[in-house]
Amino acid sequence: MSSSFLSVPVLDYSLSLSSNTKAGFLEQLRHALLEVGFLYIKNTNIDDELIQKVISLGKAFFDLPEEEKLRLEMKNSPHFLGYSRLGNEITKHKADWREQIDLATELPAPEPTEPRYRLLRGPNQWPPESLLPGFRDTYTTYIDQMTDLSTRFVSLIAEAIGLPPNAFDKFFWGEPDPNSPPEAANLDPQQNPKRRRQDKLKIVKYPDVAALPSSSGNATETQGVGPHKDSMLSSYLLQATNHPGLQVQNAAGEWVQCPPIPGTFVVAIGQGLEAMTGGVCVATTHRVLSPPAGSGARFSIPFFQGVSYDASFEDMDIPEDVRALKREVQRSANAGELVEMTFKKGRYETLGQATLMNRIKSHQDVGENYYPDLLRKVREMAAKEQETGQFQA
């Protein structure tokens, strides 16, 4: 068995809904989890009319006047939500040539008494309804539907590796604020905005290389977003235009194309899931290359399943036969790109602490405004990384 895959598998999600076909689906899913870490899913029952509205309104956002987009800049939000101008985000110490807005489940900001990492949760910065009618309602509905899909899908992941369907549920809900009244602590976490998980998404525009500054690099292979692994449990990418550019790296270090397929989402396994399963589920390195000159902008809308930032690094009790199957998958420790790892056991106590440092590393303007002490630590670690060639966090 080898993890040097040459293509990304396509799974029919509807097969998981019937007792007659579910076992076969779980077998396909197990293969994708252990050997690839990436897959397409189709027939998810997400309303197609909603998807088309999400795409059209997402593209329209970037046509807003520059001053309106800058009014929503992420650097004005301690929650890392809002607009990022072209080249503002950093991956692997290089600028990502993309323009984007980050949105999330609408939640209130934490109280001052709560742990600092909970500032990762908070309200969105929305464009005015008068400028982009229907944008907020459409994206709120889409986030809600993707939250339901991702929750169902992670339960299938659990079953595929021999765990109970609810094995990951405990990672979704935060601990109650110790200063809250007793009745608040006893609320169903799904109904308590202080404990409800916050899922996130980005609307991303990758200009073609002809529209980029001359300093952006090699015009034939420019970094739309650099090699990285997604955080948390799972992510679900809607490729909104018919551009190639998304590439996944196999264990041999080869870049495998992941082209748009109509009617699908691309699912990536996150580092959180890899850490919790002791490496049984693999988070795979991927990147996006800027579109070629003259091909126009590439648009994509990735949805990131949230977890409780209070969760700790806890190994799941994976059945030994699944662990043995994983050991058969031959992987080279030195193959492929060296990428930043969000989660390192022993460095941080909670997922929130690790995620906050990772977000500051990617969005240093937010760090300058709200987390200057942590930004200094991030820059110290980055200097060591440049010196040693080993990622520190």
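Quick note: structure is the one above.
Below: a short report on this structure. (Residues numbered from 1 in each chain as written. Predicted model: local features only at pLDDT ≥ 70, side-chain atom pairs only at ≥ 80, totals over all residues. Heavy atoms only, no water.)

### As for the sheet that holds strand E8 (residues 223-228)
Thinking step 1. Strand order in the open sheet made by the four strands is E8-E13-E10-E11, with antiparallel pairing throughout. Of all strands in the sheet, those bounded by a partner on one side alone are E8 and strand E11 (255-257). In this sheet, neighbouring strand axes are inclined to one another by 30° on average, regardless of whether the strands run parallel or antiparallel.
Thinking step 2. Here E8 runs beside strand E13 (residues 286-289); their pairing, made up of three bridges, is antiparallel. Bridge pairing in E13 places Val 225 opposite Val 288. (Pairing = 2+ DSSP bridges. Helix = DSSP H or I, 4+ residues; strand = E, 2+ residues; numbered from the N terminus. Axes fitted to C-alpha atoms, helices over the stretch in contact; angles between N-to-C directions.)

### Let's talk about the packing of aromatic side chains
Thinking step 1. Evaluated as defined, the whole model comprises eleven aromatic pairs.
Thinking step 2. Ring geometry for Tyr 139 against Tyr 142: centres 6.5 Å apart, planes inclined by 75°, an arrangement best described as edge-to-face. Here Tyr 139 pairs with Tyr 142, and both are found in helix H4 (residues 135-160), just three residues apart, close to one helical turn. We note that Tyr 139, like Tyr 142, is buried.
Thinking step 3. Grouping aromatic residues by their ring pairs yields a cluster made of Phe 61, Phe 62, Tyr 83, Trp 126, Phe 135, Tyr 139, Tyr 142 and Phe 299.
Thinking step 4. Positioned over the ring face of Phe 172 is Arg 197, at 4.4 Å from the centre of the ring.
Thinking step 5. The ring of Trp 255 carries the charged tip of Arg 287 above its face, separated from the ring centre by 4.1 Å. (Phe/Tyr/Trp six-rings, centres within 6.5 Å; stacked < 30°, edge-to-face > 60°. Buried < 20%, exposed > 50% of the residue type's maximum accessible area, 1.4 Å probe, protein only. Lys NZ or Arg CZ within 6 Å of the ring centre and 35° of its normal.)

### Some thoughts on the pattern of salt bridges
Thinking step 1. Tallied over the entire structure, the rule returns 15 salt bridges.
Thinking step 2. With its nearest N and O atoms 3.0 Å apart, the salt bridge here joins Glu 73 to Arg 85. Of this pair, Glu 73 sits in the loop between helix H3 (66-71) and strand E3 (82-84) while Arg 85 sits in the loop between E3 and strand E4 (90-91), placing them twelve residues apart in sequence.
Thinking step 3. Using a relative accessible area of 6% as the deciding quantity, one classes Glu 73 as buried.
Thinking step 4. Across the pair Arg 197 and Asp 199 runs a salt bridge, and its minimum N-O distance is 2.9 Å. (Salt bridge = Lys/Arg side-chain N within 4 Å of Asp/Glu carboxyl O.)

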